[in-house]
Amino acid sequence: MMRSVEHGGRLGSNVCIAFGWASAFAVLALVATAQARESSDIGGATRPCGVESSVGCGNPEQPSERELIEQFGHWEKGKAHLKQGRFKEAVEAFTSAIQIGHNAGVLYLARGNAYRQLGQLDMALSDYTDAIRIEPYLSNGYISRGSLYREINKPELAISDYDEAIRLDPGSVFSYNGRGNVKRELGQYDGAIADYSEAIRLNPKYAFAFNGRGNAYQEQGKFDLAILDYTKAIEVQPNYQLPYLNRGNAQRELGRRENAISDYSEALRINPNSVSALNNRGNLYRELGELALAVSDFSRAIELSSTFAFAFNNRGRAYREQGKLQLAIADYTQAINLDSSYIVAYNNRGNAYLQDGQVTLAIADYDQAIGLDPGFVEAFMARGMAMLQLGSTASAKADFEQVVKLQPSNASAHRRIAESLFSGGQAAEALPYARKAIELDGADQSSARLLSEILASMGEAD
């Protein structure tokens, strides 16, 4: 949720008039939306361009004292609307203030924040640009526009704005944190970590930077370092949900399932409506065999977000493991309806159809998965097994050979090829695949039995 943050107090109208707009407007700050694995970009406006200013805006004609008082009233209404989430009314109030006198960049910055919350990003971008045009010497316009550029996937422009914000204000933790976020998303992890570290140096209690740096470490596979940063973020801001969620992800990667569940539960204590925490905890419950708890978490996530395709797919997996194949198929179907390119859901529904004896429907789903991703090993493997059930040995062998081509160390694929060849009466052709399966996984008893059967049929000893 975006919110406005004020810095400084409000002075009486006479003082405001005497010093132009500078004292009339308190700082309006922007906190950008925090996504499930991100930290916030925070910025704001510091002082407007009034008669006392000479850099970047000249000496514009000021409204009368009566107009200044009226304009200030619109500003105050706009701030109140913005704080209380009435964004359309905030736009109207800030627009009324701008119509009285349009030489205060802070008004455009504030209206841009309201437009952004309404999803009118082009209007927000225009207002941020006007704020910079009026007051180019202030870092906050660049911070807000940089954050918006990041949101609309223009990372190079975002970095350029953060660079300028840092040039204007080298002590801005918001600028370093924001630039770190963009660099991380570009895969520039070393640069991102350097920016987060500088933000932390400037403010050792800035939880967003610890969370962001933890994300960069995690995306590098440095899970222990990530956990240290998430833990620090939690220490300095105990009710900050994202570090718990992210630390849970890192714990899961390290196989620490109970710790991960604990972190997801803490995230849910802070925000009971976190669909990400519910989905992730549900996955862990399923992995631990706690299928009823898993279904409960996935169902709650779906209740909160009926378009959350991942939760439908994951609940389908739990239902399938409970033997509730029709419920599983229904969930996979809903996941596909929500996202027609959801490869895993096609493959999983195919598995459920295959288990339910609907082999033709299973093959159709595997075909869809392979069509979307020709390198999807699991779908080739499953389709090969389905082909065996239909007695199509040649087609099965072709699928298993594709698995071996994509994944040469897959012992199961070598064994399946040997089985399909052997069942087709081609013992000599099956023999090298059976031996390779044992070489790759000597402990597999199925491969050992198969090799013995092949050799026996050829009149050879083990």
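Starting from 1, residues in each chain are numbered consecutively following that chain's sequence as written. Where local features are concerned, this predicted model is filtered to residues with pLDDT of at least 70; where side-chain atom pairs are given and counted, the filter is 80 or more; whole-chain, interface and lining totals use all residues. Each side-chain value is worked out from all heavy atoms of the structure, with water and hydrogens disregarded.

Asks: I would appreciate a short explanation of the overall build of the chain in the present structure.
Replies: When its secondary structure is counted, the chain shows 25 helices and three strands. Working definition: with a 1.4 Å probe on protein chains only, accessible area under 20% of the residue-type maximum means buried, over 50% means exposed, and in between means partly exposed. Out of the 462 residues in the chain, the part that is buried amounts to 50%. Residue contacts follow a heavy-atom distance rule, with two residues in contact if any of their heavy atoms lie within 4.5 Å. In the chain, the proportion of contacts linking residues at least 24 apart, taken out of those at least 6 apart, comes to 52%. A total of about 20500 Å² of accessible surface is found on the chain, and carbon and sulfur atoms cover 49% of it. By definition, any uninterrupted DSSP run of H or I lasting at least four residues is a helix, any uninterrupted run of E lasting at least two residues is a strand, and each is numbered from the N terminus. What sets the accessible areas is the Shrake-Rupley method with a 1.4 Å probe; for residues, cover comes only from the shown protein chains.

Asks: Mind showing me how you'd approach helix H13 (residues 241-253) here?
Replies: Along an α-helix, a turn takes 3.6 residues, which lines up residues three or four apart on a common side. Any helix carries an expected span of 1.5 Å times its number of residues minus one. An ideal rise of 1.5 Å per residue puts 18 Å on 13 residues; H13 measures up with 19 Å between its terminal C-alpha atoms. With 10 of 13 residues buried, H13 is to be regarded as a mostly interior element. Taken residue by residue, H13 has Gln241, Leu242, Pro243, Tyr244, Leu245, Asn246, Arg247, Gly248, Ala250 and Gln251 as its buried positions. Where H13 is buried, its residues touch helix H11 (207-219), helix H12 (223-236), helix H14 (257-270) and helix H15 (275-287). Backbone geometry just after H13 places Gly255 at a positive phi near 80°.

Asks: It is not clear to me how the packing of helix H23 (residues 411-423) against helix H25 (residues 445-457) should be interpreted in this structure. Could you clarify?
Replies: How two helices sit against one another is set out by the angle between their axes and by the gap between those axes. Between N-to-C directions, angles span 0 to 180 degrees; the directions come from axes that are lines fitted to C-alpha atoms, helices contributing only their stretch in contact. Between H23 and H25, the shortest axis-to-axis distance is 11 Å and the interhelical angle comes to 30°. As far as their axial angle goes, H25 and H23 are roughly parallel. H25 is crossed by H23, and the crossing has left-handed handedness. Side by side, H23 and H25 meet where Arg415, Ala418, Glu419 and Phe422 of the first sit next to Ser446, Ser447, Leu450, Glu453, Ile454 and Ser457 of the second. Under the scheme applied, nonpolar residues are Ala, Val, Leu, Ile, Met, Phe, Trp, Tyr, Cys and Pro; charged residues are Asp, Glu, Lys and Arg; polar residues are all the others, including Gly. Residue composition of the contact of H23 with H25, grouped by class: four nonpolar, three polar and three charged. Relative orientations are named as follows: roughly parallel for angles under 35 degrees, roughly antiparallel for angles over 145 degrees, roughly perpendicular for angles from 65 to 115 degrees, and oblique for any other angle. Here is the rule for handedness: rotate from the far helix to the near one, and if that takes an anticlockwise turn smaller than a right angle the crossing is left-handed, while a clockwise turn gives right-handed.

Asks: Explanation requested: the pattern of salt bridges in the structure shown.
Replies: Where charged atoms of side chains with opposite charge meet at close range, the side chains can pair. A pairing counts as a salt bridge when a side-chain nitrogen of Lys or Arg comes within 4 Å of a carboxyl oxygen of Asp or Glu. According to the stated counting rule, one finds 31 salt bridges in the structure shown. For the salt bridge of Arg133 with Asp130, the shortest nitrogen-to-oxygen distance reads 3.4 Å. With Arg133 and Asp130 both in helix H6 (residues 121-134) and three residues apart, the pair spans about one turn of that helix. For Arg133, a relative accessible area of 52% translates into the label exposed.

Asks: Could you clarify how one ought to interpret the confidence of the model for the chain in this entry?
Replies: The predicted coordinates ought not to be read in detail in places where the model reports low pLDDT. Scored from 0 to 100, pLDDT reflects the predictor's confidence in each residue. Across the chain, the average pLDDT comes to 86, with 86% of residues at 70 or higher. A low-confidence stretch, residues 1-60 (pLDDT under 50), is modelled with 168 contacts involving residues beyond four sequence positions or located in other chains.

Asks: What's the story with the side chain of His414 in this structure? I'm lost.
Replies: Here His414 lies in helix H23. Ignoring anything within four residues of it in the chain, the contact list for His414 reads Val404, Pro408, Tyr433, Lys436, Ala437 and Leu440.

Asks: Can you help me understand the packing of aromatic side chains in this one?
Replies: Geometry of an aromatic ring pair is reported as the spacing of the ring centres plus the angle between the planes. Any pair of Phe, Tyr and Trp rings, taking the six-membered ring for Trp, is counted once the centres come within 6.5 Å. Such a pair is stacked with planes under 30 degrees apart, edge-to-face with planes over 60 apart, and tilted for the rest. Scanning the entire structure with this criterion turns up six aromatic pairs. Ring geometry for Tyr206 against Phe208: centres 5.5 Å apart, planes inclined by 75°, an arrangement best described as edge-to-face. Taking the relative accessible area as the measure of exposure, Tyr206 reaches 6% and is therefore buried. With 5.1 Å between their ring centres and 80° between their planes, Phe208 and Tyr240 make a pair best called edge-to-face. Remark: Tyr240 occurs in the loop between H12 and H13 and Phe208 occurs in helix H11; sequence separation between them is 32 residues. By relative accessible area, which is 6% here, Tyr240 ends up buried. Each residue in the set Phe174, Tyr206, Phe208 and Tyr240 is aromatic and connected to the rest through ring pairs, giving one cluster.

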